[in-house]
Amino acid sequence: MVHPVVGNSAAGVPHPEDPTLKIPLVSVVGSNGQAASSNVVVDSTGKFSFDLNSLASAPTYNTDGKITTLTYGPDANGRSIRQTTTWQDDKWMGDSPWVLVP
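Bear in mind that the values here come from a model prediction, so they are computed numbers and not experimental data. (Residues numbered from 1 in each chain as written. Predicted model: local features only at pLDDT ≥ 70, side-chain atom pairs only at ≥ 80, totals over all residues. Heavy atoms only, no water.)

Of the regular secondary structure elements, the protein chain holds zero helices and 11 strands. For the protein chain, the sequential pattern of α-helices and β-strands runs β-β-β-β-β-β-β-β-β-β-β. Sorting the 102 residues of the protein chain into buried and exposed places 20% on the buried side. Considering only residue pairs separated by 6 or more positions, the protein chain has 22% of its internal contacts joining residues 24 or more positions apart. For the protein chain, the exposed surface amounts to about 7200 Å²; the carbon and sulfur share of it is 56%. (Helix = DSSP H or I, 4+ residues; strand = E, 2+ residues; numbered from the N terminus. Buried < 20%, exposed > 50% of the residue type's maximum accessible area, 1.4 Å probe, protein only. Contact = heavy atoms within 4.5 Å. Areas by Shrake-Rupley, 256 points an atom, 1.4 Å probe, with all protein chains shown as cover.)

Let us now look at the packing of aromatic side chains. One pass over the full model with this rule turns up one aromatic pair. For K66, the ring lying beneath its charged end belongs to W87, and the centroid distance is 5.4 Å. (Phe/Tyr/Trp six-rings, centres within 6.5 Å; stacked < 30°, edge-to-face > 60°. Lys NZ or Arg CZ within 6 Å of the ring centre and 35° of its normal.)

Direction of pairing for strand β8 (residues 67-72) relative to strand β9 (residues 81-88): antiparallel, over a ladder of four bridges. By the bridge assignment, L70 is partnered in β9 with Q83. As defined by bridge partners, β9 adjoins strand β11 (residues 99-100) across two bridges and the pair is classed as antiparallel. Looking across to β11, one finds that R82 is bridged to V99. Relative to strand β10 (residues 91-95), β9 runs antiparallel, the two being bridged by four bridges. Paired with Q88 across the strands is K91, a residue of β10. (Pairing = 2+ DSSP bridges.)

Written out as C-alpha cells, the structure is:
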C-alpha cells in the first residue's frame, strides 16, 4: 500500500511566477518507508532509494557532447547519487550502477 506524505516546512520549490511563494515538496512512500515512483532508483549497496523526479540533476559531458555522468541530489538526507555512461567509438557501451557520491 502506498501512503502520501507531505512535509510541512519552509523548504519547498519556488513558485515559477512568484519566487516568494513555496510549493511544498511531496514524496510518495511505500509501507517500507522508501520512495515510490515510476522513476525511483536504488544505489549499488541497496540501502537507499532515490526518487529522481524530485531531485535536481547535474549532467557532465564529453567533448562530443554526450553525457558521461549524471548526478541527482542531494535528497532530504543530504545524499546524492551518480551514474556513469561509457562510450567507445561514438557508441554507447552501457551505464554503471547508481553509486552514492562521497
